Amino acid sequence: MDKERQIIHMDQDAFFVSVEIRKNPKLLGKPVIIGGGGDRGVVASCSYEARQYGIHSAMPGRTAKLLCPQAIFLKGDMEEYSKASHDITEIIADKVPLFEKASIDEHYIDMTGMDRFFGCMKFASELRQTIIKEMGLPISFGLSINKTVAKIATNESKPDGERQVAFPELRPFLDPLAIHKIPGIGHATYKKLSEMGVREILTLTQIPQQLMFKILGQHGLSLWQKANGIDLSPVVPYRERKSIGTQATFESDTMDMAKLKAIITGMVTGLTFQLRNQKKLTACITVTVRYTNFETVTQQERIPYTSLDSFLISKAHSLFEKVYAKRMLLRLVGVKLSHLVSGYEQIGLYNIAEEEYSLYQAMDKVRNHYGAEAVVKACIVTQPPRDETGKIIKYNPRKKKILIENQTEEEQQEVRKRSKIRSFMSEKGTIGTKSYD
Ligand SMILES: [Mg+2]
């Protein structure tokens, strides 16, 4: 184990809510909920006072209202939160050489080697005070030998706190904590382990590694390591250029606007799927076109953090209209999403109707099983295959039956799962939240 590393984890306290309180101090000390308004919204974030009623992110607004009728629901302002996020990153970038922007309101800083010059705790404490003073927003931090323990330390110090866990204090700090304090444990895993009687980190460390692997696979091993305070993952420097993108070169140059927009829609849908899969958000979108004479033009726009199809598609279309200024054939279009940070999906799916939120979840689930092409917007669907006479070639259920007989038990289960999804999709005419697991 690397006892020598010095990693700081910094995390804003109830970030969205704190930005709202900064604007309207009367909200201080009240149960405030961002998102979840109206009948169908989803809670994006809530104050500590609201959390005391059992309210949490991604909960339907209606449930939150039942739990706490006097709660104050705010629509929120993602643009303002994104601006605050960028400002905090700038303060940190100004003071430290190596840091990672882990999410819209979280940063890791690697101070290894600097401790001979600064006391790390003193340095982190001062940085925290600077952010509080310059931003007017509360923040907490943890300092330890790796990212996992630093993050747990932050969470234990919250709100408005700081906590150092040096190597000798590692076990006394981790042992008594509940296992759900381990970052990334997930609800299903937590349930499985607590049903086995594993509720504290100490108990988890006593399970043999091989057994953890047997029960939970690779994820089990990683949990075991985290419980034992082992985490070798590096602080990945924050690069503004972190991005994902895609482009298409046409077989024959085109200026068919409908087709071009459909292609862009398809590109954005593919990219946002990747984004949500990696639990990332983007804050910048770029559209590129290349004319038939090889002249290449791009248009870029800074946007509030998001991973939403609908928002990004309309942005991509309006950028495309701006960038495609000449009535000349195009040989290429491309879309790029950059300034990526990790973000919980509810932040990206912030402030949208519950149905839309569920729709994204369901679409992504289907795509994860059957590939990115499994669910697409109707406007980019290609024509179904036809035979020589022009008749649409239909799916033959008999063929599937024969297939099943030659399959292993596992493959058959997979097929049954698929048919369940299909029937569910056709029953409702649209995809719903209830699916196979
Ligand atoms: Mg936070």
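Above this text you will find the structure in question.
Just so it is clear, the model here is predicted, and its values are computed rather than measured.

(A) Summary view of the pairing of strand 1 (residues 7–12). Across the 6 residues that make up strand 1, a large majority, 6, are buried. Burial along strand 1 is two-sided: Ile7, His9 and Asp11 and Ile8, Met10 and Gln12, pointing in opposite directions, are all buried. Note: strand 1 against strand 7 (residues 139–144), 6 bridges, orientation antiparallel. Residue pairing across strands places Ile7 opposite Ser144, the latter belonging to strand 7. Both strand 1 and strand 6 (residues 106–110) contribute to a ladder of 5 bridges, which runs antiparallel.

(B) Expanded view of the sheet that holds strand 4 (residues 72–74). On the basis of which strands lie adjacent, the open sheet formed by 3 strands has the order 3-2-4 and mixed pairing. One side of each edge strand has no neighbouring strand; the edge strands of this open sheet are strand 3 (43–46) and strand 4. Between one strand and the next, the sheet's axes are offset by a mean angle of 30 degrees, whatever the strand orientation. Strand direction decides the pairing type here: strand 2 (residues 32–35) and strand 4, joined by 3 bridges, are parallel. Note that in strand 4 the partner of Ile33 across the bridge is Phe73.

(C) How the structure looks around helix 10 (residues 209–227). Between its terminal C-alpha atoms helix 10 stretches only 11 Å, short of the 27 Å expected from 19 residues at 1.5 Å a residue. The largest bend along helix 10 measures about 140 degrees and falls at Leu216. Buried residues of helix 10: Met212, Gly220, Leu223, Trp224, Lys226 and Ala227, and no others. Elements in contact with the buried residues of helix 10: helix 6 (147–157), helix 7 (170–174) and helix 9 (201–206). Gly229, located one to two residues past helix 10, shows a positive phi value of around 75 degrees.

What counts as what
- Numbers given for residues are sequential positions, taken from 1 along each chain in its written order.
- Given that this is a predicted model, residues contribute local features only at a pLDDT of at least 70 and side-chain atom pairs are listed and counted only at 80 or more, while totals for whole chains, interfaces and linings are drawn from all residues.
- Buried means a residue has 20 or more other C-beta atoms within 10 Å of its own C-beta, exposed means 12 or fewer, and partly exposed covers the counts in between; C-beta atoms are placed from the backbone.
- For helices the rule is a DSSP run of H or I covering at least 4 residues; for strands it is a run of E covering at least 2, with both sets numbered from the N terminus onward.
- One requirement defines pairing of two strands: DSSP has to find at least two bridges between them.
- Simply put, an axis is a line fit to the C-alpha atoms, just over the touching stretch for a helix, and the angle between two N-to-C directions goes from 0 to 180 degrees.
- Given the number of residues in a helix, its expected span is that number minus one, multiplied by 1.5 Å.
- What the bend at a residue measures is the angle between two axes, fitted to the seven residues ending there and to the seven starting there.
- Whether two residues are in contact depends on their C-beta atoms, placed from the backbone: they are in contact if these lie within 7 Å.

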